[in-house]
Amino acid sequence: MLSSVKTFVFLDLEATGLNKYLPKITEICLVAAHISSLQNPVTNEFGEMQLPRVLDKLCLCVDPEKTINRYASEISGLNNKNLGENEKQNFNSGLIVLIKEFLDRQAKPVCLVAHNGFKFDFPLLKTELKEQGNDFSSSLLCLDTLHVFQELDTLENGAPKKGKGFYTLSELYRRSVGKEPIDSHHAEGDVQMLIMIFMSKAKQVIEKTSYSFKMWSEISPMYVTRR
DNA sequence: TGCCAGGCCCTCTTTAGGGCCTT
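Residues numbered from 1 in each chain as written. Chains lettered and ligands numbered in written order. Predicted model: local features only at pLDDT ≥ 70, side-chain atom pairs only at ≥ 80, totals over all residues. Heavy atoms only, no water.

Description of unusual backbone geometry
Most peptide bonds are trans, and most residues other than glycine sit at a negative phi.
Part 1 of the reasoning: A cis amide bond links Lys108 to the next residue, Pro109, at an omega of 5°.
Part 2 of the reasoning: Positive phi values are uncommon outside glycine, yet Leu22 reaches one of about 50°.
Part 3 of the reasoning: Structurally, Leu22 can be placed in the loop between strand 1 (7–15) and strand 2 (25–34).
Part 4 of the reasoning: Positive phi is not limited to glycine here, since Asn116 has a value of about 65°.
Part 5 of the reasoning: Structurally, the position occupied by Asn116 is in the loop between strand 4 (110–114) and helix 5 (121–131). (Helix = DSSP H or I, 4+ residues; strand = E, 2+ residues; numbered from the N terminus.)

Encoded structure:
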């Protein structure tokens, strides 16, 4: 299934908190890369892998209309004060139109990619869409890089690696790229790390992983607000 | 309003409990 995907759209959300606090999105970043760029990474004069030159980006800050968890504010730099002062809009129908048009511009089939996406980013995005009475095309694919890298380790070593923090986005980036993360917990920074991690294993991800993707229609909302 | 994740994996397991990963 993944071998037929033409565009991977890397996604990261910042939010007011974690799942149990019924979070709302404070920042969304989508970066679309064509399979041809991901499978043939360009290197600089030092032989270091570079982000593809041809990328489409959509990054927006969002007024969550809810108190942002203190820790979430500290790590993301987004708080109710600066979002309010900058007059950011909420997650409204206009934003959904933007995102859908962005996805529609990409060569299809399209696959969304997020780290721990099955548990956090995809369900939360689905909740926000459903609250506006909207949704994405059911033909959209979803890939969770947390599952991908655990599955690759299982294929190579018989089991995922153990230990706290082994599969965090930052740690995967350190091991894949050999550099310290930059702009961690800023949506665009996290997406850039995600692309680099993906490119470092693109061939294996596309050819070997078979359990790490779902159809968008299989994603359940994180929660449903009572009205 | 207030509720307050969750499926998978591991082991000091299986009559269970705790950690991971995302903000």
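Having seen the model, we can carry on.
Some remarks on the sheet that holds strand 1
Part 1 of the reasoning: An order of 3-2-1-4-5-6 is seen for the six strands of this open sheet, with the pairing classed as mixed. Either end of the sheet is taken by a strand with one partner, and the two such strands are strand 3 (56–61) and strand 6 (213–215). Between one strand axis and the next, the sheet turns by 20° as a mean value, whatever way the strands run.
Part 2 of the reasoning: As paired strands, strand 5 (residues 141–144) and strand 6 are joined by three bridges and run antiparallel to one another. (Pairing = 2+ DSSP bridges. Axes fitted to C-alpha atoms, helices over the stretch in contact; angles between N-to-C directions.)

So, the pairing of strand 2
Regular strands place side chains that alternate from one sheet face to the opposite one.
Part 1 of the reasoning: Most of strand 2 sits inside the fold, with nine of its ten residues counted as buried.
Part 2 of the reasoning: The pairing of strand 1 with strand 2 spans nine bridges and is antiparallel. Within the sheet, the bridge partner assigned to Phe8 lies in strand 2 and is Ala33.
Part 3 of the reasoning: Sheet analysis places strand 2 next to strand 3, joined by six bridges and oriented antiparallel. In the sheet register, Val31 faces strand 3, and the bridge partner there is Lys57. (Buried < 20%, exposed > 50% of the residue type's maximum accessible area, 1.4 Å probe, protein only.)

Some remarks on the packing of aromatic side chains
Part 1 of the reasoning: Evaluated as defined, the whole model comprises six aromatic pairs.
Part 2 of the reasoning: Ring plane angle 80° and centroid distance 6.3 Å describe the contact between Phe122 and Trp216, whose orientation is recorded as edge-to-face. Taken as a pair, Phe122 in helix 5 and Trp216 in the segment after strand 6 lie far apart in primary sequence, 94 residues in all.
Part 3 of the reasoning: Taking relative accessible area as the criterion, Phe122 reaches 0% and is therefore assigned buried.
Part 4 of the reasoning: Seen in terms of ring centroids, Phe166 and Tyr167 are 5.1 Å apart; in terms of plane orientation they differ by 70°. Their pairing is edge-to-face.
Part 5 of the reasoning: Classification of Phe166 by relative accessible area gives partly exposed; the value is 21%.
Part 6 of the reasoning: Put simply, the rings of Phe118, Phe122, Phe136 and Trp216 touch in pairs and so form one group of aromatic residues.
Part 7 of the reasoning: When the ring centre of Phe166 is taken as origin, the NZ or CZ atom of Arg175, which lies over that ring, is 3.7 Å away.
Part 8 of the reasoning: Here the basic side chain of Lys214 rests over the ring of Phe118, its NZ or CZ set 4.6 Å away from the ring centre. (Phe/Tyr/Trp six-rings, centres within 6.5 Å; stacked < 30°, edge-to-face > 60°. Lys NZ or Arg CZ within 6 Å of the ring centre and 35° of its normal.)

Comments concerning the side chain of Thr7
Part 1 of the reasoning: Relative to the assigned elements, Thr7 resides in strand 1.
Part 2 of the reasoning: A relative accessible area of 1% means that Thr7 is categorised as buried.
Part 3 of the reasoning: A distance of 2.6 Å separates a polar atom in the side chain of Thr7 from the backbone oxygen of Ala107. (Polar contact = N/O pair within 3.5 Å; in protein donor to acceptor, adjacent residues only side chain to side chain.)

Some details on the side chain of Gln106
Part 1 of the reasoning: The topology assignment puts Gln106 in the loop between helix 4 (93–104) and strand 4.
Part 2 of the reasoning: A relative accessible area of 8% places Gln106 in the buried class.
Part 3 of the reasoning: For Gln106, the side chain forms a polar contact with the side chain of Asp56, separated by 3.2 Å.
Part 4 of the reasoning: Other than its neighbours up to four places away in sequence, Gln106 contacts Thr7, Val9, Ala32 and Asp56. (Contact = heavy atoms within 4.5 Å.)

Describing helix 6 (residues 145–157)
Part 1 of the reasoning: In this model, helix 6 (13 residues) spans 18 Å end to end at C-alpha, consistent with the 18 Å of a helix rising 1.5 Å per residue.
Part 2 of the reasoning: Inspection of helix 6 places Thr145, Leu146, Val148, Phe149, Glu151, Leu152 and Asp153 among the buried residues, and these make up the whole buried set.
Part 3 of the reasoning: Tucked into the core, helix 6 has its buried residues touching strand 4, strand 5, helix 7 (169–177), helix 8 (187–200) and helix 9 (202–208).
Part 4 of the reasoning: Where helix 6 begins, the capping side chain belongs to Asp144, and its oxygen is found 2.9 Å from the backbone nitrogen of Leu146. (Expected span 1.5 Å × (residues − 1).)

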